[in-house]
Amino acid sequence: MKKLAELKTGEALQEIMLGPVSRLDLIKYAGASGDYNPIHTIDEEAKKAGLQGVIAHGMWSMGNLAKLFTPYYEEGFIRDYSIRFREMVFIDDVITLRASLKDKKDTMLQFSVEAVNQTDKEVIKGQVFYQIY
């Protein structure tokens, strides 16, 4: 595996494909985060809110996107991380996480990041600034 400092602008990190989103994933996240909004765990409540079904917590999706950088924890750290939620994530969606190097200034790397669902629809788009030690 290439070190982050060796990447050239435009190169991508290894994609990560998450297994289908499950209700259990969302229940566990609700417990860990303290976000018990029932639109994330109870179908009837999601439908009452006008949704087609239970949706994943936005921060569950955002947190998973950071997994792209886990293999590089010995090289540095995420200094800044900003995203936009583009679409909702539903139970059984298969999410693919992607990052590519956008810019490099000394020891600061700027990545474009995104998460897409099984139909390649963007659910999250953003950027990560990664500081190399």
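Nothing here was measured: the structure is a model prediction, and the numbers come from that model. (Residues numbered from 1 in each chain as written. Predicted model: local features only at pLDDT ≥ 70, side-chain atom pairs only at ≥ 80, totals over all residues. Heavy atoms only, no water.)

1. A closer look at the overall build of the chain
Put simply, the rule reads: For the purposes of this entry, the term helix denotes a DSSP run of H or I that reaches at least four residues, the term strand denotes a run of E that reaches at least two, and both are numbered from the N terminus. Buried, partly exposed and exposed residues are distinguished by accessible area as a fraction of the type maximum, computed with a 1.4 Å probe on protein chains only: under 20%, between the cut-offs, and over 50%, respectively.
The helix and strand tally for the chain stands at three helices and five strands. Reading the chain from its N terminus to its C terminus gives the helix and strand order β-α-α-α-β-β-β-β. Taken along its principal axes, the extent of the C-alpha atoms in the chain is 50 × 30 × 25 Å. The buried share of the chain, reckoned over its 133 residues, is 39%.

2. Things to note about the nonpolar core
Filter applied, for reference: Residues grouped as a nonpolar core are buried Ala, Val, Leu, Ile, Met, Phe, Trp, Tyr and Cys residues, joined through side-chain atoms within 4.5 Å.
The biggest cluster of nonpolar side chains holds 34 residues, and the ones touching the most others in it are Leu4, Leu13, Leu65, Phe69, Ile95, Phe111 and Tyr130. Those elements that place two or more of their residues in this core are helix 3 (58–65), strand 3 (96–105), strand 4 (108–116) and strand 5 (122–132). Residue contributions to this core peak at five residues, all from strand 5.

3. So, the packing of aromatic side chains
Stated formally: When the centres of two rings from Phe, Tyr and Trp lie within 6.5 Å, Trp using its six-membered ring, the rings pair. Their planes under 30 degrees apart give stacked, over 60 give edge-to-face, and anything left gives tilted.
Summed over all chains, the structure comprises three aromatic pairs. Here the aromatic residues Phe69, Phe111 and Tyr130 are joined through ring pairs into a cluster of three or more.

4. Some points on unusual backbone geometry
Backbone geometry at aspartate 92 places phi at a positive 80°, although glycine is not the residue there. Along the chain, the position of aspartate 92 falls in the loop between strand 2 (76–85) and strand 3. With phi around 65°, aspartate 120 is a residue other than glycine that occupies positive phi space. Here aspartate 120 lies in the loop between strand 4 and strand 5.

5. Concerning the sheet that holds strand 2
Just so we agree on the cut-off: A pair of strands is treated as paired once DSSP finds two or more bridges between them. Only heavy atoms matter for contacts: two residues are in contact if any of them lie within 4.5 Å across the pair. Orientation is described by lines fitted to C-alpha atoms, with helices fitted over the stretch in contact, and by angles between N-to-C directions that extend from 0 to 180 degrees.
Reading across from one edge, 1-3-4-5-2 is the order of the five strands in this open sheet, with antiparallel pairing throughout. The sheet is open, and its two borders are formed by strand 1 (16–17) and strand 2, each paired with just one other strand. Relative to strand 4, strand 3 runs antiparallel, the two being bridged by nine bridges. Counterpart to lysine 104 in the pairing with strand 4 is leucine 109. Sheet contacts for helix 3: strand 2, strand 3, strand 4 and strand 5; angle to strand 2, the most-contacted strand, approximately 140°.

6. Some remarks on helix 3
Of the positions making up helix 3, those classed as buried are Trp60, Ser61, Met62, Asn64 and Leu65. Its buried side turned inward, helix 3 meets helix 1 (23–33), strand 2, strand 3, strand 4 and strand 5.

Everything listed here is a matter of geometry and, on its own, says nothing about what the molecule does.
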